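Coordinate inspection notes
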Amino acid sequence: MLPEDVEIPTLMLLIQPAILVCLFSVLGWWASAKVGFSAPVIEGLVGHGDAVAPFLRALLPSALVAFATAVVLGAYGVFTVGMIPIVEAQPSLPIAAKLLYGGISEEVIARWGILSVLMVLALRLGFGYVAAFWIANLLAAFLFAIGHFGLVFALLDEPSVLLLVAVIVGNSLPAIAFGWLYRAYGLESAMMAHAGGHVLFILGAGIAGLPS
């Protein structure tokens, strides 16, 4: 939305995500221990247990969710063709950035931070553990999805309701699965599925000729 002659240094663009990651890292560290969530591979690597066993245990479910995520992203891409303009002058985001920000930063923010905090709040409101988890997981997935509205409104002054619904559904479905992985296998499992979904989608989109 800035004038064309205004350039923003790359480091400036990293300030907001860096603040968010740091904030939700701390919140997740506080909240996850209270609700039984963990990052078992990282904990093992820093000397508090075995890192290999939880990694291997999470590998297959993470791969399955990654495949399902790629399918959802592909369906979303096909459904929204023509709804979102392709800005030719704007360089595409490098694959490494998609994997590191999507697979790591977004999972730290959305699952480790937001989901864990919402779980604490739901338990304190008197919900049982399972109900509290699904309430927190669905809310975290919804917040994760509407967090993508910023890009949509940056590209379109008046996006259609259908497009906004597609953005919510297309992002919420994988996010719900990532939340389940986080609870069942640890944060790293959600990270692997998220990053893996991007990899599989990029490969599939390249074969099918879809924008990735």
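Residues numbered from 1 in each chain as written. Predicted model: local features only at pLDDT ≥ 70, side-chain atom pairs only at ≥ 80, totals over all residues. Heavy atoms only, no water.

Moving on: the packing of aromatic side chains. Using the criterion set out here, one finds six aromatic pairs in the structure. Their ring planes at 65° and their centres at 6.3 Å tell us that F149 and F153 sit as a pair that is edge-to-face. In this pair, F149 and F153 both sit in helix α7 (residues 149–155), four residues apart, roughly one turn of the helix. Given a relative accessible area of 18%, F149 falls into the buried group. (Phe/Tyr/Trp six-rings, centres within 6.5 Å; stacked < 30°, edge-to-face > 60°. Helix = DSSP H or I, 4+ residues; strand = E, 2+ residues; numbered from the N terminus. Buried < 20%, exposed > 50% of the residue type's maximum accessible area, 1.4 Å probe, protein only.)

Right, let's get into the packing of helix α2 (residues 15–35) against helix α5 (residues 95–124). The description of two packed helices rests on the angle between their axes and on the distance between the axes. Where α2 meets α5, the closest approach of the two axes is 8 Å, and the angle between their N-to-C directions is 45°. In terms of their interaxial angle, α2 and α5 are classed as oblique. Handedness of the crossing formed by α2 with α5: left-handed. Here the residues of the contact of α2 with α5 are counted per class, giving 18 nonpolar, six polar and two charged. (Axes fitted to C-alpha atoms, helices over the stretch in contact; angles between N-to-C directions. Parallel < 35°, antiparallel > 145°, perpendicular 65-115°, else oblique. Left-handed = near helix turned anticlockwise from the far one by under 90°. Nonpolar A, V, L, I, M, F, W, Y, C, P; charged D, E, K, R; others polar.)

Moving on, we come to helix α4 (residues 52–79). Across its 28 residues, α4 extends 40 Å between first and last C-alpha, which sits within 8% of the 40 Å expected from 1.5 Å per residue. Those residues of α4 that fall on the buried side of the exposure criterion are P54, A58, P61, S62, V65, A66, T69, A70, L73, G74, Y76 and G77. Tucked inside the fold, the buried residues of α4 contact α3 (40–48), α8 (161–185) and α9 (187–208). (Expected span 1.5 Å × (residues − 1). Contact = heavy atoms within 4.5 Å.)

Moving on, we come to the packing of α5 against α8. Remark: α5 packs on α8, axes separated minimally by 11 Å, with the N-to-C direction vectors making an angle of 70°. If you check the angle between α5 and α8, you find them roughly perpendicular. By crossing handedness, the relation of α5 to α8 is classed as right-handed. Contacts between α5 and α8 pair E107, R111, W112, L115 and S116 from the former with A175, F178, G179 and Y182 from the latter.

On average, residues of the protein carry a pLDDT of 88, and 87% of them reach 70 or more. Per-element confidence in the protein ranges from a low mean pLDDT of 66 for helix α1 (residues 10–13) to a high of 97 for helix α6 (residues 129–146). (pLDDT = per-residue confidence, 0-100.)

Here the focus is a nonpolar patch on the surface. On the surface, a nonpolar cluster with roughly 450 Å² of combined accessible area is contributed by F67, V71, V199, L200 and L203. Put simply, the parts of the chain that give the nonpolar patch at least two residues each are α4 and α9. It is α9 that provides the largest number of residues to the nonpolar patch, a total of three residues. Here V199 lies in helix α9. (Patch = residues over 30% accessible without salt bridge, like charges linked within 9 Å, V, L, I, M, F, W, Y side chains within 5 Å. Areas by Shrake-Rupley, 256 points an atom, 1.4 Å probe, with all protein chains shown as cover. Salt bridge = Lys/Arg side-chain N within 4 Å of Asp/Glu carboxyl O.)

Our next topic: the nonpolar core. If you look at the biggest cluster of nonpolar residues, it comprises 28 residues, and the most contacted ones within it are F37, W112, I114, L115, M119, Y182 and L187. Of all elements in the fold, only α2, α4, α5, α6, α8 and α9 reach the threshold of two or more residues within this core. For this core, the element with the highest residue contribution is α5, accounting for nine residues. Those residues in contact with I114 that lie beyond four places of it in its chain are F24, I109, A140 and L143. (Core = buried A, V, L, I, M, F, W, Y, C linked by side-chain atoms within 4.5 Å.)

Below, the discussion takes up α6. Taking 1.5 Å of rise per residue, 18 residues should cover 26 Å, and α6 covers 26 Å from first to last C-alpha, within 8% of that figure. When α6 is considered as a whole, its buried residues turn out to be A132, F133, A136, N137, A140, A141, F144 and A145. Taken together, the buried residues of α6 touch α5, α7, α8 and α9.

Our focus in this paragraph is the environment of L121. Structurally, the position occupied by L121 is in helix α5. Each C-alpha atom, one on L121 and one on A31, is 9.6 Å from the other, the two residues being 90 residues apart in sequence.

Now for the side chain of H194. By the secondary structure assignment, H194 is in helix α9. A polar atom in the side chain of H194 sits 2.9 Å from the backbone oxygen of G102. Polar side-chain contacts of H194 include one of 2.6 Å to the side chain of E107. Once you skip the residues sitting within four places of it in the chain, H194 turns out to touch G102, G103, E106, E107, R111, F144 and F178. (Polar contact = N/O pair within 3.5 Å; in protein donor to acceptor, adjacent residues only side chain to side chain.)

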